[in-house]
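# Topology and contacts: notes
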Amino acid sequence: MNTPTIAIIGLGYVGLPLAVAFAKKYPVIGFDIDKNRVGQLKEGFDLTLEVESKNLKAVNVSSIDELNTSKKGLFSSANLNDIEKATIYIVTVPTPVDKNHKPDLTPLYKATETVSRVLKKGDIVIYESTVYPGATEEECVPILEKGSGLAFNQDFFAGYSPERINPGDKEHTVEKILKVTSGSTPEIAEQIDQLYKKVITAGTFKASSIKVAEAAKVIENSQRDINIAFVNELSKIFNLMDIDTNEVLEAAGTKWNFIKFTPGLVGGHCIGVDPYYLADKAQKLGYNPQIILSGRRLNDSMGAFVASETVKLMIKKNIPIKGSKILLMGITFKEDCPDIRNSRIIDVVNELKSFELKVDVYDPWANKEEVKKEYEIALLTGKDELQADYDTIILAVSHKKFEGFEFNKYTSSPFVLYDVKGMLPKEASDGRL
């Protein structure tokens, strides 16, 4: 095949690293509806911190003309006209759930409608967004056909290659993670596989169909969610027995085939969301999934559990509950990254407030404006913003920036220290999961 021009639709945590990887070999147009985001990327700044400035600047080009001349590089744009000449479109928009835990395909529908306006004969549309099995061909392809007037698998083709980005992970970057690929015909499947092989040094695995690739993705995170739910339940049980869960896991981990997971708050855009996509599809087919939804309910209960355990410890130390001040350290869904999507820390906050406690949230990684918009929390990002008389501190996220934190400097006496992730030695805290 001739050298394709690739359009990446959505320049977030998934799309941008992929765009940069492809831009080293191909001409790439990165498209995003957020003009501020596009402007930042053109300046070489990635707010998500997934791509270092030097690496972004190394592939950036200033215009479509320069992209056409150089035959490789990345041109970021919010202008639909700029992606008209692309021959391969890769959709990397988020696929969240609504407040009722039902799949919200709105971003996927809108991105697909956008592509349909510029789709031409011979073009290929590849989806990387996490969906339930069948979504690409049942939901997206009809939109592409309607908007373009073209016929599927005659005039244009589709593929699915699930994203496996791990936000904040600088070791397992997009090129170093084996990529599952698929296509709507055997020939297109091979073409898509060869395309990704050019940039994925870890190699590829060509699935037998688009549905198989979709299913493979959605069960990856469902499996992790279920395993974490198991250790979270163990934590609740062992807490009643006055047994330290981390010590139990350490002992059990000495067996060669024991799979170690640790208790915690399960948030983020993948593990805390993907199981609902599979469950919803199963329910529409008349099957009510037992294990998947049970694991989700258990994990969704952990924020309230952390808050109630903290309150119990305060009572034991005779610390008044109503009006007491609590410092919650961490709002991102995982350590050492600025990603606040679907952070279950908010469950801890809401439960603490139900006890009429005053809660401050401190996180040097997160963005104040994003946190305010998403959770209506006035985030503290610097130590100089902290008070000196907190009655309780909850260490909720194990950021490396929290190492060596002087808890005594910001607390009254007595105070409670609850360590959600077991970041501190057992004897350094009053309680932990």
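Refer to the preceding data block for the structure.
Before going into details, it helps to say that this report is about the structure given with it.

Basis of the calculations
Counting from 1, residues in each chain are numbered in the order their sequence is written. In view of the model being predicted, local features appear only for residues whose pLDDT reaches at least 70, and side-chain atom pairs are presented and counted only at 80 or more, with totals across whole chains, interfaces and linings using the full set of residues. No hydrogens and no water enter the side-chain calculation; it runs on all heavy atoms of the structure. For this analysis, a salt bridge means a side-chain nitrogen from Lys or Arg found within 4 Å of a carboxyl oxygen belonging to Asp or Glu. The numbering of helices and of strands both runs from the N terminus, where a helix is a DSSP run of H or I of at least 4 residues and a strand a run of E of at least 2. When accessible area is computed with a 1.4 Å probe and restricted to protein chains, residues below 20% of their type maximum are described as buried, those above 50% as exposed, and intermediate ones as partly exposed. Whether two strands pair depends on DSSP finding at least two bridges between them. In what follows, a contact means two residues having at least one pair of non-hydrogen atoms within 4.5 Å. For every element, the axis is a line fit to its C-alpha atoms; helices are fit only across the contacting stretch, and the angle between N-to-C directions ranges from 0 to 180 degrees. Just so you know how the angles are binned, under 35 degrees is roughly parallel, over 145 roughly antiparallel, 65 to 115 roughly perpendicular, and the rest oblique. The sense of a crossing depends on the near helix, which, turned anticlockwise from the far helix by less than a right angle, makes the crossing left-handed and, turned clockwise, makes it right-handed. Gly is placed with the polar residues, together with every amino acid not listed as nonpolar (Ala, Val, Leu, Ile, Met, Phe, Trp, Tyr, Cys and Pro) or charged (Asp, Glu, Lys and Arg).

Right, let's get into the pattern of salt bridges. Here the structure, examined in full by the defined rule, presents 24 salt bridges. One salt bridge connects Lys-426 with Glu-247, and the closest N-O pair in it is separated by 3.5 Å. Highlighted residues: Lys-426 in the loop between strand 12 (411-419) and strand 13 (431-432) and Glu-247 in helix 9 (residues 245-252), separated in sequence by 179 residues. In this structure Lys-426 comes out as partly exposed when scored by relative accessible area, which is 42%. Looking at Glu-247, the relative accessible area reads 39%, which means it is partly exposed.

Moving on: the sheet that holds strand 11 (residues 390-395). The parallel open sheet is built from five strands, whose spatial order is 10-9-11-12-13. Looking at the sheet topology across the chains shown, the edges are occupied by strand 10 (358-362) and strand 13. In terms of strand pairing, strand 12 meets strand 13 through two bridges, oriented parallel. Looking at the pairing, Tyr-418 lines up with Gly-431 of strand 13. Where helix 13 (residues 345-354) meets the sheet, its contacts fall on strand 9 (325-329), strand 10 and strand 11, and the angle it forms with strand 9 comes to roughly 175 degrees.

Our next topic: the packing of helix 12 (residues 302-316) against helix 13. Interaxial distance between helix 12 and helix 13 falls to 7 Å at its minimum, and their mutual angle equals 45 degrees. Taken as axis vectors, helix 12 and helix 13 run oblique relative to one another. Here helix 12 runs over helix 13; the crossing is right-handed. Here Gly-303, Ala-304, Val-306 and Ala-307 of helix 12 lie close against helix 13, whose contacting residues are Asp-347, Val-348, Glu-351 and Leu-352. Residues of the contact of helix 12 with helix 13, tallied by class, amount to five nonpolar, one polar and two charged.

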